[in-house]
Amino acid sequence: MTSPVVALVGTLDTKGDEYAYLRDRIREAGASTLLIDAGVLGRPGVTPDITRQAVAEAAGRRVADLAAAGDRAVALGVMGHGVGEILAELVESGRCSGVLAAGGSGGTSLAVRAFSRLPFGLPKMIVSTQVASAGGALAGGSDVLLMSSVADVAGLNRLTRRVLSNAAAAIAGAVRAAPVPAGDRSLAFASMLGLTTRGVTAARARLQEAGYEVVTFHATGEGGRTMERLIGPMSVSAMLDLTTVEIADEVVGGTKPAGGDRLRTAGRLGVPQVVSTGGTDMVRFGPRESVPEHFGDRVFHVHNELVTLMRTSPEECIEIGRVIGARLAKAMGPAVLMLPLRGSSGIAGEGGPFHDPAADMALAEGLRESLAGSDAEIVRLDTDINHPAFSQAAAARLLAISDRNDRAEGQ
């Protein structure tokens, strides 16, 4: 049986010893290696399997030109692009089972750029001195495993040997693990927040009873970006997008927006979707003292010591409704907007700290304006978003439009 192959990506002019050590440890753990040189200046300290010349050419450039220009940032960008091209081809042809890189800020940025091309599920690992920075750059759909190098990746010693040995064992174990079966059930994505959990969980259970596999994303900005990014690659069949709080953060200026693709991908791909207003009664900030001063006279709720919630105003809600409706109106597939008339979160119902009928009416007006004349349907329910009747109605409507869509595509 052919052993799985780990592609090792590094600047071998400065980290030859470290990559030779990684290569040997991975081989000892039962996997093969493919060493890719992404350096530009000095001679490689270990013989690569794929040369820097090949990497630069994959990006349409020449190593000699990059070295002569003397611009490190440009060189890293070019070589990262070239490595990405090479890795994508290796993975597509079945000649690469996983990837690993180790380095400081330069090597990390190169690896982040290259690994972003690779599919979800392929084992990817970066040992870095810049874990926090790399995590921010990778946010939104990446499953790269980041491991702190603790010390600089500069020479072999009792500390770096331990860290690199652990990394080698981890990536070797990942590529040798049995593949996870995808299953044969239709896949649905759902969005959820702590304050919409009860309602989304009940609706999810109904979809699962109907035969769907449901993946739930936490609507924290990163969660929404991840969800949007994976709808196409994972061939999602239905969207239970009941929690659109990230749109509120986008419109008002909270700390957890999901970016301009939020609430667009499913519509563009024609995926049936049931959307609601979960969390649009709030905008999220960090600790209470971090809230911008110009919001000082608003209604706040301290969710926990790390998260402060601010009630959205009627003026903000009408704009949030317009944005949600405008994006949903462009859907190429069946779309339903479920509007809970008694509150869009666990704290917005009657008696709750965010209960505000005027703001709720403004949200509904914004939705009505932007959905007028579109094919999207608005369903109003006299419940809050977490009520069992709302959950069951949302799930039933999604099952119905998905069934109609499947029949139409089968004709």
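The text that follows walks through the structure, step by step, so that each part is easy to find. Keep in mind it's a predicted model, so treat the numbers as computed, not measured.

Tallying each qualifying case throughout the model produces two aromatic pairs. Ring geometry for F189 versus F217: centroids 4.7 Å apart, planes at 65°, classification edge-to-face. Taken together, the positions of F189 in strand β6 (residues 187-192) and F217 in strand β7 (residues 213-218) put the pair 28 residues apart, joining distant regions of the chain. There is no split in this pair, since F189 and F217 are both buried.

Turning to empty space enclosed by the protein, a few remarks are in order. Enumeration over the complete set of coordinates arrives at one cavity of 30 Å³ or more. Reported here for the largest cavity is a volume of approximately 60 Å³. Residue lining of the largest cavity: V9, G10, T11, Y19, A38, A101, A102, G107, L110 and A111, and that is the complete set. The element that contributes the greatest number of residues to the lining of the largest cavity is helix α5 (residues 105-115), accounting for three residues. Residues of the lining of the largest cavity, tallied by class, amount to seven nonpolar, three polar and no charged.

I36, V83, L87, L100 and F115 are the most contacted members of the largest nonpolar core, which has 58 residues in total. In terms of residues, this core owes the most to one element, helix α4 (residues 72-92), which gives nine residues. When neighbours within four sequence positions are excluded, L100 is seen to be in contact with V6, A7, L8, V9, L22, I26, F115, M125, V127 and I171.

As a further point, take the pairing of strand β13 (residues 335-340). Within β13, six of the six residues are buried, which leaves it mostly tucked inside the rest of the structure. On β13, burial covers both faces: A335, L337 and L339 on one face and V336, M338 and P340 on the other are all buried. Bridge analysis of strand β9 (residues 273-278) against β13 gives four bridges, and the strand direction is parallel. Looking at the pairing, V274 lines up with V336 of β13.

Turning to the packing of helix α1 (residues 16-28) against helix α7 (residues 158-176), a few remarks are in order. At their nearest, the axes of α1 and α7 sit 9 Å apart, and the two run at 45° to each other. Considered as vectors, α1 and α7 are oriented oblique to each other. Considering how the two elements wind past one another, α1 and α7 form a crossing that is right-handed. Contacts between α1 and α7 pair E18, Y21, L22, R25 and I26 from the former with R161, L164, S165, A168, I171 and A172 from the latter. When its residues are assigned to classes, the contact of α1 with α7 shows seven nonpolar, one polar and three charged.

A volume near 630 Å³ is recorded for the largest pocket. Surrounding the largest pocket, 20 residues form its lining, F120, G121, V180, P181 and A182 being those nearest its centre. Elements with a minimum of two residues in the lining of the largest pocket: α7 and β7. Looking at side-chain class alone, the lining of the largest pocket contains 15 nonpolar, three polar and two charged residues. As a volume, the second largest pocket reaches approximately 390 Å³. Contributions of two or more residues to the lining of the second largest pocket are made by α4 and α5. Split into classes, the residues belonging to the lining of the second largest pocket amount to six nonpolar, nine polar and four charged.

Given a rise of 1.5 Å per residue, 13 residues ought to cover 18 Å, and the 18 Å separating the end C-alpha atoms of α1 matches this to within 8%. Taken as a whole, α1 has its buried residues at G16, E18, Y19, A20, Y21, L22, R23, R25 and I26. Residues of α1 that are buried make contact with β1 (5-10), β2 (32-37), β3 (98-103) and α7. Where α1 ends, the next residue or the one after it, G30, has phi of about 100°, a positive value.

If you trace the six strands from one edge of the open sheet to the other, you get β7-β6-β8-β9-β13-β14, paired in parallel fashion. With one partner strand each, in any of the chains shown, β7 and β14 (377-381) form the two edges of the open sheet. Here the average twist between neighbouring strands, direction ignored, is 20°. Both β6 and β7 contribute to a ladder of six bridges, which runs parallel. Note that in β7 the partner of L187 across the bridge is E213. Lying on the sheet, helix α8 (residues 197-209) is in contact with β6, β7 and β8 (238-243); it crosses β8 at an angle near 165°. In this fold helix α9 (residues 222-230) packs onto β6, β7 and β8, with an angle of close to 145° to the strand it touches most, β7.

Between its terminal C-alpha atoms helix α12 (residues 314-329) stretches 22 Å, which fits the 22 Å expected from 16 residues at 1.5 Å a residue. Along α12, the positions that sit buried rather than exposed are E316, C317, I318, I320, G321, V323, I324, G325, R327 and L328. Where α12 is buried, its residues touch α10 (245-252), β9, β12 (307-311), β13 and α13 (357-371).

Cut-offs and rules
- Residues numbered from 1 in each chain as written.
- Predicted model: local features only at pLDDT ≥ 70, side-chain atom pairs only at ≥ 80, totals over all residues.
- Heavy atoms only, no water.
- Phe/Tyr/Trp six-rings, centres within 6.5 Å; stacked < 30°, edge-to-face > 60°.
- Helix = DSSP H or I, 4+ residues; strand = E, 2+ residues; numbered from the N terminus.
- Buried < 20%, exposed > 50% of the residue type's maximum accessible area, 1.4 Å probe, protein only.
- 1 Å grid on protein atoms, 1.4 Å probe; cavity = no way out; pocket = protein on both sides within 12 Å on 5 of 7 lines; lining within 4 Å.
- Points joined across faces, edges and corners; volume = space filled by probe spheres on them.
- Nonpolar A, V, L, I, M, F, W, Y, C, P; charged D, E, K, R; others polar.
- Core = buried A, V, L, I, M, F, W, Y, C linked by side-chain atoms within 4.5 Å.
- Contact = heavy atoms within 4.5 Å.
- Pairing = 2+ DSSP bridges.
- Axes fitted to C-alpha atoms, helices over the stretch in contact; angles between N-to-C directions.
- Parallel < 35°, antiparallel > 145°, perpendicular 65-115°, else oblique.
- Left-handed = near helix turned anticlockwise from the far one by under 90°.
- Expected span 1.5 Å × (residues − 1).

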